[in-house]
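# Observations on the three-dimensional arrangement
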Amino acid sequence: MSSSSANAMMHFVVLKTSLEERGQYGRLKADLHYQLMLALGLDKQLIDANKPQPPLSISMVNQLILEYLNWSGYNFSGSVFSAESSVSSNQLSREELCKQLNVKDSPSTSQLPLLLAVLTTVKEVKTKDKD
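Just so you know, these numbers come straight off a predicted model, no measurement behind them.

### What to know about the pattern of salt bridges
Applying the stated criterion across every chain yields a total of 4 salt bridges. When the shortest N-O distance is used, the salt bridge between arginine 94 and aspartate 105 registers 2.6 Å. With a gap of 11 residues between them, arginine 94 in helix α6 (residues 94-101) and aspartate 105 in the loop between α6 and α7 (114-130) connect regions that are remote in the sequence. With relative accessibility at 22%, the residue arginine 94 sits in the partly exposed group.

As structure tokens, this is what we get:
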């Protein structure tokens, strides 16, 4: 390996480490992957009109995951997930999701992803069952 190649590799490692420490590496990697898919026209393969619609339970799980990804700031992961799972084309309202999942949405939980409310409800049920 030439000294210029070794120097370039060292700079890459330093840059990668810096981005990882700031929590930016994963986001940039996901964005690059998504942009490459767009540039190569592969994004159309993600959205297949002939793909069968998943059962309601799978659609609800996908919607909960997408809401969590977006709430957490994983926007690029969310956009890829949305395309792959076709969530945006068959979303239920939050109210309907709560009804289907038997979860009570309150003013304190309405600011959080519904997935966290589901986990809270499950924990409460388990705690009541132990008593």
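### Points about the environment of asparagine 75
Relative to the elements of secondary structure, asparagine 75 occurs in helix α5 (residues 75-85). Taking relative accessible area as the criterion, asparagine 75 reaches 47% and is therefore assigned partly exposed. Placed 44 residues apart in sequence, asparagine 75 and aspartate 31 show a C-alpha to C-alpha distance of 9.1 Å. If sequence neighbours within four positions are ignored, asparagine 75 has contacts with Leu69 and Asn70.

### Re the nonpolar core
In this structure, Met60, Leu64, Leu97, Cys98, Val103, Leu114, Ala117 and Val118 together form the largest nonpolar core, which totals 8 residues. Taken together, the elements giving at least two residues each to this core come down to α4 (56-71), α6 and α7. Counting residues per element, this core draws most heavily on α7, which supplies 3 residues. Excluding its chain neighbours within four sequence positions, the residues that come into contact with leucine 114 are Leu64, Glu67, Arg94, Leu97, Cys98 and Val103.

### What to know about the packing of α4 against α6
Put simply, α4 and α6 touch, their axes get as near as 11 Å, and they point 125 degrees apart. Classed by the angle they form, the pair α4 and α6 counts as oblique. By crossing handedness, the relation of α4 to α6 is classed as left-handed. Along its contact with α4, which presents Leu56, Met60, Gln63, Leu64 and Glu67, the element α6 presents Arg94, Leu97, Gln100 and Leu101. In terms of residue class, the contact of α4 with α6 is made up of 5 nonpolar, 2 polar and 2 charged.

Calculation criteria
All chains use their own residue numbering, which begins from 1 and follows the written sequence. Reporting of local features is limited, given that this is a predicted model, to residues whose pLDDT is at least 70; pairs of side-chain atoms are given and counted only at 80 or more, and all residues count toward the totals for whole chains, interfaces and linings. Based on all heavy atoms of the structure, the side-chain values leave hydrogens and waters out of the count. By convention in these notes, a salt bridge is any Lys or Arg side-chain nitrogen within 4 Å of a carboxyl oxygen on Asp or Glu. Put simply, DSSP H or I for four residues or longer makes a helix, DSSP E for two residues or longer makes a strand, and each gets a number counted from the N terminus. The rule is simple: take the accessible area with a 1.4 Å probe, protein chains only, and divide by the maximum for that residue type; under 20% is buried, over 50% is exposed, in between is partly exposed. Only heavy atoms enter the contact rule, under which two residues are in contact if any of them lie within 4.5 Å. In this text, buried Ala, Val, Leu, Ile, Met, Phe, Trp, Tyr and Cys residues form a nonpolar core when linked through side-chain atoms within 4.5 Å. To get an axis, a line is fitted to the C-alpha atoms, and for a helix only the part in contact is used. The angle between two axes follows their N-to-C directions and goes from 0 to 180 degrees. For classification purposes, angles smaller than 35 degrees are called roughly parallel, those larger than 145 roughly antiparallel, those between 65 and 115 roughly perpendicular, and all remaining angles oblique. Left-handed describes a crossing whose near helix is turned anticlockwise from the far helix by less than a right angle; the clockwise case is right-handed. All residues other than Ala, Val, Leu, Ile, Met, Phe, Trp, Tyr, Cys, Pro, Asp, Glu, Lys and Arg, Gly among them, are scored as polar; the first ten of these are nonpolar and the last four charged.

None of the figures reported here should be taken as evidence of function without further support.
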